[in-house]
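# A closer look at the structure
The residues making up each chain are set out below.
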Amino acid sequence: MIELSHLSKTFTAPDKKVVALEDVNIRVDAGQIYGIVGYSGAGKSTLVRCINLLEKPDAGTVHVDGFGGIEMRKGRPFYLPEDGGSAVPLTEKHLKTLRRDLGMIFQHFNLLDRSTVFENVAYPLRHTGRSRDEIRTRVLELLDLVDLREKVNAYPSELSGGQKQRVAIARALANNPRILLSDEATSALDPDATEAILRLLKDLNRKLNLTIVLITHEMAVVKTICDRVAVMEEGRVVEEGDVYSVFSEPKQAITKKFVQTSSGMGQIETLIRANSSILSRGDTLIQCTFSKDSVGEALVSDVSRRFGVNMNIILGNVELLHGNPLGGLVVLVGGEPEKRAAAIAYLRDHDVRVEVIEHG
Ligand SMILES: Nc1ncnc2c1ncn2[C@@H]1O[C@H](COP(=O)(O)OP(=O)(O)OP(=O)(O)O)[C@@H](O)[C@H]1O
Ligand SMILES: [Mg+2]
């Protein structure tokens, strides 16, 4: 388990200050895949870099089960032993122990260009007291794990983006970390390679019970493999929850925007713009989001009969998220104003989130 409490970090440039983290609190349970999303500059990288202390927070505590805690006191890091012993100033040795538990992969792979795949993966195994044979065995084992054994003697320049990322993942896992920190691991990859890497991460999560903290700016990635998600904006976590709840009931404007981009429902604005005659007088255009308690189109036809309104479905999208149906429909509701209002109220009563997009 990782627990970040009251983390803050401000970067001070000569001419200005940037608040990169402001009182961030997050808890990641063992075995979870935890997503962190946000726009560029939201503080995501700073946040994960604070977990392994590549970045030193100004204030707050980082706790990692099995290691202990690091607490910033007046800008200086102290180590808090797990057994509740008294705090001591953090040493290089503490840091080394912490980082052994935390593998990290980066957006741009960070491979050694002049070294082969073998040497890249072997790199973190040097100076760990292993013999040459042990290192060889471990490297081959890791390459099998990421399905890249046949490239053992290749150089990074001879690999595709997805293959480079596999090497980076193998390297990050070399010392059997319990936690993997992944900073935009798929953003440089095409959709097929992205899917393959996500499948690999999910596989590793299951096989090794690896906890993964995964930064991304794509909700589709969160939807594919995360259990929980935190949404960051301007250094703060503005929304947090299990993936299904966040997708079915986003609360903050920024979360709604993120969710829309990944559901295809974002197309509605394009549709309205391209087709301004879609809405005639006396119509209300609504967007309905169904969650597991209320599934879709049957309800729409029921409402239509019950209230004598026309319910014209113009865009629909239903998918399974963690085994539960999550659906959206854009519906043109036609009829007398009171009837339209009653129909919408009825839908809301039946656990459908209804947003009125426009009145004609
Ligand atoms: N070393 C640094 N010195 C000064 N400012 C920094 C430094 N690192 C980050 N920042 C600033 O802190 C803020 C948060 O940066 P961060 O890299 O954490 O964002 P991010 O969410 O990872 O963005 P992206 O999606 O573009 O990677 C930004 O405004 C950035 O300019
Ligand atoms: Mg970043």
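All figures in this text were calculated on a predicted structure; none of them were measured in a lab.

Under the domain assignment, the chain is made up of domain 1 (2-261) and domain 2 (267-359). Just the C-alpha atoms count here: the centres of domain 1 and domain 2 sit 40 Å apart. Contacts between the two partners involve 10 residues from domain 1 and, on the opposite side, 11 residues from domain 2. Interface area for domain 1 against domain 2, summed over the two sides, is near 950 Å², with a carbon-plus-sulfur share of 57%. The interface formed by domain 1 and domain 2 contains one salt bridge.

Turning our attention to the packing of aromatic side chains. Under the defined criterion, the tally for this structure stands at three aromatic pairs. Measuring from ring centre to ring centre gives 4.6 Å for Tyr39 and Phe258, while their planes differ by 25°; the resulting arrangement is stacked. With a gap of 219 residues between them, Tyr39 in the loop between strand E3 (33-37) and helix H1 (44-51) and Phe258 in helix H9 (residues 253-261) connect regions that are remote in the sequence. Positioned above the aromatic ring of Phe78 is the side chain of Arg73, whose terminal nitrogen or guanidinium carbon lies 5.1 Å from the ring centre.

Around ligand 1, the neighbouring residues are Phe11, Val18, Ala20, Tyr39, Ser40, Gly41, Ala42, Gly43, Lys44, Ser45, Thr46 and Glu184. At 2.7 Å from an oxygen atom of ligand 1 is found a side-chain nitrogen or oxygen belonging to Lys44. Coverage of ligand 1 by the protein amounts to 59% of the 630 Å² it exposes when considered alone. Going through the elements one at a time, strand E2 (17-28) and H1 are the ones with two or more residues in the shell around ligand 1. The leading source of residues in the shell around ligand 1 is H1, at three residues.

Within a sheet, adjacent strands bond to each other through the backbone by hydrogen bonds, running parallel or antiparallel. Strands sit in the order E2-E1-E4-E5-E6-E7 across an open sheet of six strands; the sheet is antiparallel. Strands at the two margins of the open sheet, each flanked by one partner only, are E2 and strand E7 (88-89). In this sheet, strand E6 (residues 76-80) lies alongside strand E5 (residues 68-73) in antiparallel orientation, the contact comprising five bridges. Of the residues in E6, the one forming a bridge with Glu71 is Phe78. Helix-sheet contacts for H1 involve strand E1 (2-12), E2 and strand E4 (59-64), and the interaxial angle to E1 is about 120°.

Before going further, it helps to examine the sheet that holds strand E8 (residues 102-105). The six strands lie next to each other as E8-E9-E10-E3-E11-E12, forming an open sheet whose pairing is mixed. The strands lining the two open edges of the sheet, one partner per strand, are E8 and strand E12 (236-242). Strand-to-strand twist across the sheet, computed as the mean angle between neighbouring axes with direction ignored, equals 15°. Note: strand E9 (residues 179-183) against strand E10 (residues 211-216), five bridges, orientation parallel. By the bridge assignment for E10, Asp183 is matched with Ile215. Contacting E3, E8, E9, E10 and strand E11 (228-233), H1 runs over the sheet at an angle of about 155° to E10. Sitting on the sheet, helix H5 (residues 161-172) is in contact with E8 and E9, with an inclination near 165° to E8.

Bringing the environment of Pro124 into the picture now. Checked against the element boundaries, Pro124 lands in the loop between helix H3 (117-122) and helix H4 (132-145). Since its relative accessible area comes to 24%, Pro124 is described here as partly exposed. For the pair Pro124 and Ala172, spaced 48 residues apart in sequence, the C-alpha to C-alpha distance is 8.2 Å. Once residues lying within four places of it in the same chain are set aside, the contact partners of Pro124 are Arg171, Ala174 and Asn175.

Over its 14 residues, H4 extends 20 Å from the first C-alpha to the last, a length consistent with the 20 Å expected when each residue adds 1.5 Å. Of the residues making up H4, those classed as buried are Ile135, Arg138, Val139, Leu140, Leu142 and Leu143. Tucked inside the fold, the buried residues of H4 contact H3 and H5. With its phi angle positive at about 60°, Asp147 sits one or two positions after the end of H4.

With that settled, consider the pattern of salt bridges. Under the counting rule described, the total for this entry stands at 12 salt bridges. The shortest N-O distance in the salt bridge between Glu195 and Arg199 comes to 3.4 Å. Here Arg199 and Glu195 lie together in helix H6 (residues 191-207), a separation of four residues that amounts to about one turn. According to the relative accessible area criterion, Arg199 is exposed, its value standing at 53%.

What counts and what doesn't
Residues numbered from 1 in each chain as written. Chains lettered and ligands numbered in written order. Predicted model: local features only at pLDDT ≥ 70, side-chain atom pairs only at ≥ 80, totals over all residues. Heavy atoms only, no water. Domains from an automatic or database assignment. Contact = heavy atoms within 4.5 Å. Buried area = accessible area lost by both parts, 1.4 Å probe. Salt bridge = Lys/Arg side-chain N within 4 Å of Asp/Glu carboxyl O. Phe/Tyr/Trp six-rings, centres within 6.5 Å; stacked < 30°, edge-to-face > 60°. Helix = DSSP H or I, 4+ residues; strand = E, 2+ residues; numbered from the N terminus. Lys NZ or Arg CZ within 6 Å of the ring centre and 35° of its normal. Near = heavy atom within 4 Å. Polar contact = N/O pair within 3.5 Å; in protein donor to acceptor, adjacent residues only side chain to side chain. Areas by Shrake-Rupley, 256 points an atom, 1.4 Å probe, with all protein chains shown as cover. Pairing = 2+ DSSP bridges. Axes fitted to C-alpha atoms, helices over the stretch in contact; angles between N-to-C directions. Buried < 20%, exposed > 50% of the residue type's maximum accessible area, 1.4 Å probe, protein only. Expected span 1.5 Å × (residues − 1).

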